[in-house]
Amino acid sequence: MSIWRLIRKEIAYNRGNFAIGLACIAVALACVVGAVTLLAAHDLRTEQIIAEKERETREQMARLEDDYRLMMREMGYNVLILHKDQSLEELRMKGFPSTYMPVDYVFKISTGGIKNLNHLFPILQHRTHWPEKDREIMVCGVMGQVPNFAKPQFLTAEGQYRDPIRETIPEGTIEVGHDIAAGAGLSKGDTVTLKGETFTVHRVHPRKGNEDDVTVWCGLEHAQRWFDAEGKINGILALECVCNFESFGLVEKEVRKLLPDTQVMEFGTILRARFEARARAAELHKDAVAAELAYRARLGEQRQGLVRVLIPTVLLGAGVWIFFLILGNVKERRGEIAILRAVGAGQWKIMGIFLVKAALMGLVGAVIGYLLGLFAGAAWEGIPFWSRQIGGLFSPGLAGVVLVGAPVLAVIAGWVPAKKAAQLDPADILREE
């Protein structure tokens, strides 16, 4: 009778013993593979979490940037472009520029490719007497915002701002500051005469606590006519976007390159406040990612420590269990072993029956244990069985070690009982039986 037939009969006769050994190896290897897979899945999930955090950070920073843009609009313009001959001391004393420049300058800027400027707003300011109301006012002639074509993301298909800081004043209307409206008894919709021309009050501005409270806004052509400044303006307001405060001052160089006879006033306090707020938000997001990395690193170290203890423990336990299973099997089959020896079976054939059986236990248990460990380790880290990421956790190297190592471990564990079985004296056993 061939050794393979003997092995099949041995397994068939004692299925329970074989199943227990197979289950022992499968569970032990599932623990080993599961632990190794858990570490790999941990690293994979860490990469995914960090990538997700970084994506969320980019999205939040984009939303934050948009929020800051809206807040900056509420805070007002932060750049004033003047003629180079305009005295800043005189400007502060009078409250308005007295040196004119061509209105075409704003169009040169709008088509000049300066990307850090937005919401260009040409003005003609002049302090004057309102004869019909007998009060001093600041007149500000405006023509609406001129689009900067270097910022197409803020423009409509028609080349106008999607969300302008200031709407264009309708023809035949004026806008009035809070203190002027209160002192003159004006409300929205009232008809009023200014410089001999009749207007409708389009809007009354809320109190701002600055020069705007005593300002009347009108169409640019009216102010040009009243102050003999046809085709002229005395300032261009704009909103500067500074994401890196070190770039503060760059706009002035760009504007001066386009318009050499101008000067640029940048309101640094507003710009710095915006930049520092943005930088703090970015730092918070960076800290959040760093904290997540530190947490994952600590968790990974804890799991590595567990694996270093778990693997030798379960392998030793599996080896001891197989040893006692085969030893018990040898004791149960002493009679059959004696008969085989009596009919001429050699020691190596007797050992082969038990060792091949042990190797088969190891091989089948390795296949089952590897699959169980792979899915268990992935599931522990929250990776579904049907996910494509399972394929990334499959390790051919680990699979090879398990498929080769498990049978070897089983053979080593069963070597002593198998050798003992082969060395039994058939005469003594048959006499006892």
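The preceding data block contains the structure.
Computed from a prediction, not measured in an experiment: that's the story for all the values here.

1. Overview of the pairing of strand E6 (residues 191-194)
Successive side chains on a regular strand alternate, one facing one side of the sheet and the next facing the other.
And then number 1: Alternating positions in E6 separate cleanly, Val192 and Leu194 being buried on one face and Thr191 and Thr193 remaining unburied on the opposite face.
And then number 2: Pairing of E6 with strand E7 (residues 197-204) involves 4 bridges; the strand directions are antiparallel. Bridge pairing in E7 places threonine 191 opposite threonine 200.
And then number 3: Hairpin geometry of E6 and E7 is characterised by an intervening segment of 2 residues between the two adjacent antiparallel strands and by a positive phi of about 55° at lysine 195.

2. Some points on the nonpolar core
And then number 1: Ranked by internal contacts, the top residues of the largest apolar core, which has 39 residues, are Ile81, Ile109, Leu117, Trp130, Ile236 and Val255.
And then number 2: Among the elements that make up this core, the one with the highest residue count is strand E3 (residues 117-130) (4 residues).
And then number 3: Not counting chain neighbours up to four residues away, the residues in contact with isoleucine 109 comprise Ile81, Ile114, Leu117, Leu120, Asn148, Ile236, Val255, Leu258 and Leu259.

3. As for unusual backbone geometry
And then number 1: Of note, the phi angle at aspartate 134 is positive, near 55°, even though the residue is not glycine.
And then number 2: Along the chain, the position of aspartate 134 falls in the loop between E3 and strand E4 (135-142).
And then number 3: Note on aspartate 134: relative accessible area 59%, which makes it exposed.
And then number 4: Its identity is not glycine, yet lysine 195 carries a phi of approximately 55°, on the positive side.
And then number 5: Mapping lysine 195 onto the fold places it in the loop between E6 and E7.
And then number 6: Among the residues examined, lysine 195 registers a relative accessible area of 30% and is labelled partly exposed.

4. Some details on the sheet that holds E6
The strands that make up a sheet pair up through hydrogen bonds in the backbone, lying either parallel or antiparallel.
And then number 1: The 9 strands are arranged E6-E7-E5-E8-E4-E3-E10-E1-E11 in an open sheet whose pairing can be described as mixed. With one partner strand each, in any of the chains shown, E6 and strand E11 (262-266) form the two edges of the open sheet. With direction set aside, neighbouring strand axes in the sheet form an average angle of 35°.
And then number 2: Where strand E5 (residues 173-176) lies against strand E8 (residues 215-219), 2 bridges are found, and the strand directions are antiparallel. Its bridge partner lying in E8, valine 176 is registered against valine 216.
And then number 3: Contacts between helix H7 (residues 250-258) and the sheet are confined to strand E1 (79-83), E3, strand E10 (235-240) and E11, with E11 contributing the most and set at about 160° to the helix.

Conventions adopted
Residues numbered from 1 in each chain as written. Predicted model: local features only at pLDDT ≥ 70, side-chain atom pairs only at ≥ 80, totals over all residues. Heavy atoms only, no water. Buried < 20%, exposed > 50% of the residue type's maximum accessible area, 1.4 Å probe, protein only. Helix = DSSP H or I, 4+ residues; strand = E, 2+ residues; numbered from the N terminus. Pairing = 2+ DSSP bridges. Core = buried A, V, L, I, M, F, W, Y, C linked by side-chain atoms within 4.5 Å. Contact = heavy atoms within 4.5 Å. Axes fitted to C-alpha atoms, helices over the stretch in contact; angles between N-to-C directions.

Taken by themselves, the reported measurements are silent on function.
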